[in-house]
Amino acid sequence: MIAIRPPSDIIRSSALSASEAATESGSIHYIVTEYVEGETLRQRMASAPHQQIRLVEALGIATQITAALAAAHEAGIVHRDLKPENVMVRRDLIIKVLD
């Protein structure tokens, strides 16, 4: 088992935090991440009136996504599958970028 200790700036950001990863016999690989309760950005947009979220909310979401990606890039991590399904919106409007 390999413990993952991401830089503290990523943990404090909107990036999903991982606590461990491992390769077991039989080529089973897994990563243990935090549980994020909420809805995907796609679900949030679909449930909004006319499927459009308010500008102030959109700007807040975009700012948090940008901060998460910046922290990841500073750590040498590139997110190659950013899409609304990989962004979780918690009930307190904190954003978590997944995958």
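One numbering rule holds for all chains: residues counted from 1, following each sequence as written. Per-residue local features are limited, in this predicted model, to residues with pLDDT of at least 70; the limit for side-chain atom pairs, both in listing and counting, is 80 or more; totals at the level of whole chains, interfaces and linings are taken over all residues. Neither water nor hydrogens contribute to the side-chain values; these are computed over all heavy atoms in the structure.

Another point: the environment of alanine 58. Put simply, DSSP H or I for four residues or longer makes a helix, DSSP E for two residues or longer makes a strand, and each gets a number counted from the N terminus. Among the secondary structure elements, alanine 58 is positioned in helix α3 (residues 55-74). Considering only alpha carbons, one finds alanine 58 and methionine 45, 13 residues apart in sequence, at a separation of 9.7 Å.

Take the pattern of salt bridges next. Salt bridge, as used here, is a side-chain nitrogen of Lys or Arg placed within 4 Å of a carboxyl oxygen of Asp or Glu. Enumeration according to the criterion identifies 7 salt bridges in this entry. Two residues, glutamate 85 and arginine 42, come together in a salt bridge whose shortest N-O distance is 2.6 Å. With glutamate 85 in the loop between α3 and β5 (87-90) and arginine 42 in helix α2 (residues 41-47), this residue pair connects regions lying 43 residues apart in the sequence. Relative accessibility under 20% of the residue-type maximum defines a buried residue, over 50% an exposed one, and the middle range a partly exposed one, all with a 1.4 Å probe and only protein chains included. A residue is classified by how much of its surface remains accessible, and glutamate 85, at 34% relative accessible area, is partly exposed. As a salt-bridge pair, lysine 83 and aspartate 81 come within 3.5 Å of each other at their nearest N and O atoms. On the basis of relative accessibility, which here comes to 35%, the residue lysine 83 falls in the partly exposed class. By sharing partners, the salt bridges in this structure join Glu39, Arg44 and Glu57 into a single network.

The next subject is the environment of threonine 40. Within the fold, threonine 40 resides in strand β4 (residues 38-40). As a C-alpha pair, threonine 40 and arginine 90 span 50 residues in sequence and 8.7 Å in three-dimensional space. In contact with threonine 40, not counting residues within four places along its chain, are Pro84, Glu85, Val87 and Met88. Any two residues having at least one pair of non-hydrogen atoms within 4.5 Å are treated as being in contact.

This part takes up the nonpolar core. Grouped together as the largest cluster of nonpolar side chains are 9 residues: Leu41, Ile61, Ile65, Ala68, Leu69, Val87, Val89, Ile95 and Val97. Within the residue set of this core, elements represented by two or more residues are α3, β5 and β6 (95-97). In terms of residue count, the dominant contributor to this core is α3 (4 residues). Setting aside its immediate chain neighbours within four residues, leucine 69 contacts His79 and Leu82. For this analysis, a nonpolar core means a set of buried residues of the types Ala, Val, Leu, Ile, Met, Phe, Trp, Tyr and Cys, connected via side-chain atoms within 4.5 Å.

Right, let's get into the sheet that holds β5. Backbone hydrogen bonds are what pair the strands of a sheet, in a parallel or an antiparallel way. Strand pairing requires that DSSP identify at least two bridges connecting the strands. An order of β4-β5-β6 is seen for the 3 strands of this open sheet, with the pairing classed as antiparallel. Each edge of the open sheet carries a strand with a single partner, namely β4 and β6. The average undirected angle you get between the axes of adjacent strands in this sheet is 25°. As paired elements, β4 and β5 share 3 bridges and run antiparallel to each other. What sits directly across from glutamate 39, in β5, is valine 89. The sheet strands contacting α3 are β5 and β6, and the helix crosses β6 at an angle near 40°. Note on method: axes are straight lines fitted to C-alpha atoms, helices fitted across the in-contact stretch only, with angles between N-to-C directions ranging 0 to 180 degrees.

Let us look at the pairing of β5. A regular strand places its side chains so that they alternate between the two faces of the sheet. Pairing geometry for β5 and β6, over 3 bridges, is antiparallel. Bridged to valine 87 within β6 is valine 97. Adjacent in sequence and paired antiparallel, β5 and β6 are bridged by 4 residues, among which leucine 93 carries a positive phi angle near 70°.

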